[in-house]
Structures are given as C-alpha cells and as structure tokens.
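Below are the chains, spelled out letter by letter.
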Amino acid sequence: MHELLERLHPSFEKAFKDKVSINELTYFSLQLNGKSALVITNRYLYLIRKGLLSVKCLQYTLEEVEQLQIKDKKFLIFMKNNSAITLESLDSRKLSILALLVKQYQDIRSSKTRQEI
C-alpha cells in the first residue's frame, strides 16, 4: 500500500490537525478543490469543507464508509447507513488520484482491522 500525502491549504490543515488524534497514521491527503479536501488515516476518513465563515472537518470511521467510487466525474462516498456523499467539480488529475485511492481503500480498511487484533 502506498501513501499519497498532498499538502493541504493552511486553513484545511488546521481544521484537520484540530480533529485528528496524535496516534493516527495518515495514509492519504488530497486538496480536492478550493472548497474541500479528503484525508484518510488508519482509523477515519476526514472530509474537510470550507463554508461561508469557517472550515469544518467531518470525521467518519472506516467502518461507516462502505465504499468509494468514481462515476460520471464525481467522487462518491457510500456509507453503511445507505447514505452517500458526492464530491463534484474535480479536475482530471484529482480524479485519477482518487481512482488509485478507490483501488486501495479496501486494503486500508483491512489494515485497520489487522491493527486492532
């Protein structure tokens, strides 16, 4: 499994660092566009979004995230509760990087399981 760590915009980095635990290992970070970023650690998927007044960091356990998928130039995050998060307005470079993540996501989830044993 290969890590991809892209530097996030400073306000996104701060929101992530305020939320992440010191004992988490970051596998993936990508500034998707000016309004959103994605970070995956050995425990959580973080979706960082810029709103009108602040940057918010949403945290989902890897168990909550069932599947990642790219469809019609959109990045989809399917949750176990049958909801989905859709990220749009992504350039072709970001989509190709996310395609690699989609292939590796099950490995990331299974490595978390192995760490808990």
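Up top is the structure these notes are about.
Residues numbered from 1 in each chain as written. Predicted model: local features only at pLDDT ≥ 70, side-chain atom pairs only at ≥ 80, totals over all residues. Heavy atoms only, no water.

**Side note on the environment of I48**
Link 1 in the chain: In this fold, I48 is placed in strand β4 (residues 44-50).
Link 2 in the chain: Classification of I48 by relative accessible area gives buried; the value is 0%.
Link 3 in the chain: Put simply, I48 and E13 are 35 residues apart on the chain and 9.0 Å apart in space, counted from C-alpha to C-alpha.
Link 4 in the chain: Not counting residues up to four positions away in its chain, the partners in contact with I48 are L8, F12, A15, F16, K35, S36, A37, V39, V55, K56 and C57. (Helix = DSSP H or I, 4+ residues; strand = E, 2+ residues; numbered from the N terminus. Buried < 20%, exposed > 50% of the residue type's maximum accessible area, 1.4 Å probe, protein only. Contact = heavy atoms within 4.5 Å.)

**A word on the sheet that holds strand β8 (residues 84-87)**
Link 1 in the chain: Pairing is antiparallel across the open sheet formed by three strands, whose spatial order is β6-β7-β8. Sheet topology places β6 (65-71) and β8 at the edges, where each strand pairs with a single neighbour. Neighbouring strand axes in the sheet, compared pairwise and without regard to direction, differ in orientation by 15° on average.
Link 2 in the chain: As paired strands, β6 and strand β7 (residues 74-79) are joined by six bridges and run antiparallel to one another. Bridge pairing in β7 links K71 to K74. (Pairing = 2+ DSSP bridges. Axes fitted to C-alpha atoms, helices over the stretch in contact; angles between N-to-C directions.)

**Points about unusual backbone geometry**
Link 1 in the chain: At K73, a residue that is not glycine, the phi angle is positive and equals roughly 60°.
Link 2 in the chain: Assignment of secondary structure puts K73 in the loop between β6 and β7.
Link 3 in the chain: If you check the backbone angles, S89 has positive phi at about 60° while not being a glycine.
Link 4 in the chain: The class for S89 is exposed, based on a relative accessible area of 67%.

**Structural notes on the packing of aromatic side chains**
Link 1 in the chain: All chains considered together, the criterion is met by two aromatic pairs.
Link 2 in the chain: A centroid spacing of 5.1 Å and a plane angle of 85° characterise the contact between F16 and Y46, whose relative ring orientation is edge-to-face. Within this pair, whereas F16 is found in helix α1 (residues 10-19), its partner Y46 is found in strand β4, the two being separated by 30 residues in sequence.
Link 3 in the chain: What makes F16 buried here is its relative accessible area of 7%.
Link 4 in the chain: Classification of Y46 by relative accessible area gives buried; the value is 0%. (Phe/Tyr/Trp six-rings, centres within 6.5 Å; stacked < 30°, edge-to-face > 60°.)

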